[in-house]
Amino acid sequence: MHVRALADNRSMKLAVIGDIHGFWDKCDTAYFNGSDYDALLFVGDFARWTNSLPMARMLAGLTRPAWAIPGNHDAVTRLQLYAAIKHRPLLGAIAGIGMGWRVQRLTETLGPVKLRGFSLDRLGTDLALLTARPHAMGPDRFYYRNYLKHRFGVGDFQASGERLKALVDQAPKRLIILAHNGPAGLGSTSDALFGSDFNPAYGDFGDPDLRVAVDYARASGRRVLAVVAGHMHHRNRKTGSSRITWVHDGQTLYLNAAYVPRMRRDGSHHHHIALHINGTALTAEALFVSREGEVEAREALGPAG
Ligand SMILES: [Fe+2]
Ligand SMILES: [Fe+2]
């Protein structure tokens, strides 16, 4: 375990970095290495389109403890992603050959940034990071099924939900959940936290297996402090408007960190989210940081007070 286990397990500060999609530079590495974050959480989609390795090489320079979940753009080929989007199962099966090897290569290239999926890592004596199904892409199909079946024995949403529930059974009292796509149940409009903007007819584009896991964790008496995810980018593809970026349901703060691109063209205004955890209290804010590491803007996420 690389995270310092805090003596009273009271206070912890985490950074959440949304879909990078090629937008990470040495200023980011310097900023986070010089920060006081206890850990960094990456929600995946490192690749601009499908080659994640250039970003992974840069992220390997991080010295803070860090965890990541792969997104649907990571460790896949162009043809594989195309087949997934266009629902061409046979082409997808053929193009998907070698995904296990690509994930392994990405894992090794990320170096100290731990690439996870269907996993539980302890952040403190009673606080854990549960990392959900990797490469999540949406609820309309079970994407990358062949790889997930081969690697994890998980071939559908129900099996994925059961796998996540088994992880919850091993978890301590407090949980942070790291996912690529968010859970179902947070709204069906195109500007909802994980609502479909590319095809509003899909409505709620959150994942049902993740919803099962969150509900199960809470029903079993655990406190899910936050669910952090991305994938559904903030900017609406059709209207250009911005989606809702957080929902708090009285117990859990759900965050969509996919501010894409996460910096301006001139290299300023680098986005990430800061989480402050104190016992069962959690607060969050979006931060925009300059090339020099100065906070240029900040926005509170979550209910006031
Ligand atoms: Fe993305
Ligand atoms: Fe994605």
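Everything below is about the structure printed above this text.
Residues numbered from 1 in each chain as written. Chains lettered and ligands numbered in written order. Predicted model: local features only at pLDDT ≥ 70, side-chain atom pairs only at ≥ 80, totals over all residues.

This part is about the overall build of the protein chain. When helices and strands are counted, the protein chain shows eight helices and 13 strands. Judged by the C-alpha coordinates and their principal axes, the protein chain covers about 50 × 50 × 40 Å. Residues classed as buried in the protein chain amount to 50% of the 305 residues present. The long-range share in the protein chain, meaning contacts at least 24 apart out of those at least 6 apart in sequence, stands at 73%. (Helix = DSSP H or I, 4+ residues; strand = E, 2+ residues; numbered from the N terminus. Buried ≥ 20, exposed ≤ 12 C-beta atoms within 10 Å, placed from the backbone. Contact = placed C-beta atoms within 7 Å.)

So, about the environment of Pro 200. Relative to the helices and strands, Pro 200 is located in the loop between β7 (174–178) and α8 (208–219). We classify Pro 200 as partly exposed; it has 15 C-beta atoms within 10 Å.

Before going further, it helps to spend a moment on unusual backbone geometry. Trans is the prevailing form of peptide bonds, just as negative phi is the prevailing case for residues other than glycine. Going from Val 260 to Pro 261, the amide bond is cis rather than trans, its omega being -5°. The topology assignment puts Pro 261 in the loop between β10 (253–256) and β11 (270–278). One non-glycine residue, His 21, adopts positive backbone phi at about 45°. Here His 21 is to be found in the loop between β1 (11–17) and α1 (26–33). The exposure class assigned to His 21 is buried, which follows from the 21 C-beta atoms found within 10 Å.

This brings us to the sheet that holds β11. Sheet architecture is open: seven strands sit in the order β4-β3-β2-β1-β11-β12-β13, paired in mixed fashion. The open sheet is flanked by β4 (113–115) and β13 (295–301), the only strands paired with a single partner. The mean angle between the axes of side-by-side strands here comes to 25°, regardless of whether they run parallel or antiparallel. (Pairing = 2+ DSSP bridges. Axes fitted to C-alpha atoms, helices over the stretch in contact; angles between N-to-C directions.)

Right, let's get into the sheet that holds β10. Pairing within the open sheet is mixed, and its six strands lie in the order β5-β6-β7-β8-β10-β9. Either end of the sheet is taken by a strand with one partner, and the two such strands are β5 (119–124) and β9 (246–248). Looking at each pair of strands side by side, their axes are set apart by 15° on average, direction ignored. Bridge count for β9 against β10 is three bridges, and the pairing is antiparallel. Considered in β10, the bridge of His 248 is made with Leu 253. The sheet strands contacting α8 are β7 and β8 (223–229), and the helix crosses β8 at an angle near 165°.

Two faces make up the sheet, and in a regular strand the side chains alternate between them. Of the two faces of strand β2 (residues 39–42), both are covered, the one formed by Ala 39 and Leu 41 as well as the one formed by Leu 40 and Phe 42. Pairing between β1 and β2: four bridges, direction parallel. When the sheet's bridge partners are listed, Ala 15 is paired in β2 with Leu 40. Where β2 meets strand β3 (residues 66–68), three bridges bridge the pair, whose relative direction is parallel. Paired with Phe 42 across the strands is Ala 68, a residue of β3. Read as a crossover between parallel neighbours, the route from β2 over helix α2 (residues 53–59) to β3 is right-handed. (Right-handed = clockwise from strand over helix to strand, strands pointing away.)

The biggest cluster of nonpolar side chains holds 94 residues, and the ones touching the most others in it are Val 16, Leu 41, Ala 132, Ile 177, Leu 178, Val 228 and Leu 255. When residues in this core are grouped by element, the largest group, six residues, is from β8. (Core = buried A, V, L, I, M, F, W, Y, C linked by C-beta atoms within 7 Å.)

Further remarks concern the pairing of β10. Going residue by residue along β10, you find Leu 253 and Leu 255 tucked away on one face and Tyr 254 and Asn 256 tucked away on the opposite face as well. Judged from the four bridges that link them, β8 and β10 form a sheet pairing that is parallel. Note on β10: the bridge partner recorded for Ala 229 is Asn 256. Hairpin geometry of β9 and β10 is characterised by an intervening segment of four residues between the two adjacent antiparallel strands and by a positive phi of about 100° at Gly 250.

As a packed pair, helix α7 (residues 157–169) and α8 sit with axes 8 Å apart at the nearest point and diverge in direction by 30°. The angle between α7 and α8 places the two elements in the roughly parallel class. Viewed along their axes, α7 and α8 form a crossing whose handedness is right-handed. Between α7 and α8, the residues in contact are Phe 157, Ser 160, Gly 161, Leu 164, Lys 165 and Val 168 and Pro 208, Asp 209, Val 212, Ala 213, Tyr 216 and Ala 217, respectively. (Parallel < 35°, antiparallel > 145°, perpendicular 65-115°, else oblique. Left-handed = near helix turned anticlockwise from the far one by under 90°.)

Bringing α7 into the picture now. A rise of 1.5 Å per residue sets the reference length of α7, with its 13 residues, at 18 Å; its end C-alpha atoms lie 18 Å apart and thus fit the reference within 8%. Of the positions making up α7, those classed as buried are Ser 160, Gly 161, Leu 164, Leu 167 and Val 168. In a view along the axis of α7, the buried residues occupy a sector of 115°, so they form one face of it. Of the surrounding secondary structure, the elements contacted by the buried residues of α7 are β5, β6 (127–131) and α8. (Expected span 1.5 Å × (residues − 1). Arc of directions from axis to C-beta.)

With respect to the helices and strands, the residue Asp 74 is situated in the loop between β3 and α3 (78–86). Sequence separation between Asp 74 and His 248 is 174 residues; the distance between their C-alpha atoms is 29 Å. When neighbours within four sequence positions are excluded, Asp 74 is seen to be in contact with Gly 44, Asp 45, Phe 46, Ala 47, Ser 52, Leu 106 and His 135.

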